[in-house]
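Below, each chain spelled out in residue letters.
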Amino acid sequence: MAIRLYNTLSRAKEDFAPIDAANVRVYVCGPTVHDFAHIGNGRAFTVFDVLYRLLRSEYGAAHVTYVRNITDVEDKINAAAAERGETIRALTERTTAAFHADMAALGNLPPDIEPRATDHIPRMIAMIATLIAGGFAYEAEGHVLFSIAAMPDYGRLSRKNLDEQREGARVEVAPYKRDAGDFVLWKPSPPALPGWDSPWQNQWGGRGRPGWHIECSAMTEAHLGETFDIHGGGLDLIFPHHENEIAQSVCAHGGAPLGRHAGHQRHRHRREDRVQLVHQLRRPGRPGDDQIADHRRRRQPARRLVARGIDVAHQARAISRLAQNRGHHATDLLVVFYDEDDFSGH
Ligand SMILES: [Zn+2]
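Heads up: these notes are all about the structure in this document. Just so it is clear, the structure is predicted and the values come from calculations on it, not from any experiment.

1. Describing the sheet that holds strand β6 (residues 143–146)
- Strand order in the open sheet formed by four strands is β5-β6-β7-β8, and the pairing between neighbours is antiparallel. The open sheet has two edge strands, β5 (137–140) and β8 (208–210), and neither has a second partner. Across the sheet, the mean angle from the axis of one strand to that of its neighbour is 20°, orientation sign disregarded.
- Alignment of β5 against β6, held across four bridges, turns out to be antiparallel. The partner of A137 across the bridge, within β6, is F146.

Rendered as structure tokens:
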């Protein structure tokens, strides 16, 4: 049975064919552990959980490797810890535990591998050094930046032109950047913030910390190799995060593609849902089975999953509970949960 998936790289649904059917490899960008997961995060991870189950049913549970990382070093974490007067370690441990509890409440399987960014710093440093040696990155005032001009097809995933790429830069344009769209691979880090020794000298010796994007490139390389099957995340990750992950990995790996299949799912729920936190919505209660049944009658993709022996009822009930607790109709969320644009098996 063919599985068809929407590939953001081609903007088309394609038949999915793994590189190695004995080891189907999926990477989904995991949470930055600085706060509780909101309902949009919960939905995104639940969608990929269903994809994981679908792949396990097709290829066998022993032949699918699902990696979902924990981003435990990032500026948002530092800012949140300072704001709360909490140590960075206490904050990341607390929010990681809350994330795990939320995922369990949603009925999501744990990933096969859950790497933490802070366990991969030497690999990030090695990758950055490779990029500098290859002419894809440069050092400036203690920072190391990726040069977007060095990669001819930079922007292929997001299909943004150069001006849009520059506008999308996450931080104000620093004077040491050659191009406004260049992004940080490594930056200086003072003693009060997380930091590691590096070859790139600054006022604190070589003490620095990685940029967000390089963390995922190092973790995919470590756990899935240079090229894997599916690179997933929310629609908001296409640019700049996934665009930059692709740039770093492809240029560090002599042109080998990163993920063959880029899967992104939409956040189509109502605006106010974005700020609802999963843990606040978890409450014991009777699930809205009638609404789920009604939903299943009307939605083809869900029927197909059930026909394939994938029991998503637990997740459906959990999502339904979230919706009911907020006074929404369960179908509002379930429709997007099973949206054909997420994936489809037939
Ligand atoms: Zn990532």
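2. Structural notes on the nonpolar core
- In terms of nonpolar packing, the biggest core is built from 40 residues, with Y27, L131, F146 and L185 touching the most fellow members.
- Elements that contribute at least two residues to this core include exactly α4 (121–133), β6, β7 (183–188), α6 (212–224) and α7 (238–252).
- Apart from residues no more than four positions distant in its own chain, F146 is found in contact with L131, F136, A137, M151, D182, F183, L185, A247, Q248 and C251.
- Membership of the second largest hydrophobic core comes to 26 residues, among which are V33, Y52, L55 and L106.

3. A word on the pairing of strand β2 (residues 12–15)
- Where strand β1 (residues 3–7) lies against β2, four bridges are found, and the strand directions are antiparallel. Pairing of Y6 across the sheet is with K13, part of β2.

4. Topic: the pairing of strand β4 (residues 64–68)
- With five of five residues buried, β4 is to be regarded as a mostly interior element.
- Taking every second residue as pointing to the same face, both faces of β4 are buried, with V64, Y66 and R68 on one and T65 and V67 on the other.
- Bridge analysis of strand β3 (residues 24–28) against β4 gives five bridges, and the strand direction is parallel. Bridging from a neighbouring strand, V24 pairs with V64 of β4.
- Handedness of the β-α-β unit built from β3, helix α1 (residues 39–59) and β4 comes out right-handed.

The rules behind these values
- Residues numbered from 1 in each chain as written.
- Predicted model: local features only at pLDDT ≥ 70, side-chain atom pairs only at ≥ 80, totals over all residues.
- Heavy atoms only, no water.
- Pairing = 2+ DSSP bridges.
- Helix = DSSP H or I, 4+ residues; strand = E, 2+ residues; numbered from the N terminus.
- Axes fitted to C-alpha atoms, helices over the stretch in contact; angles between N-to-C directions.
- Core = buried A, V, L, I, M, F, W, Y, C linked by side-chain atoms within 4.5 Å.
- Buried < 20%, exposed > 50% of the residue type's maximum accessible area, 1.4 Å probe, protein only.
- Contact = heavy atoms within 4.5 Å.
- Right-handed = clockwise from strand over helix to strand, strands pointing away.

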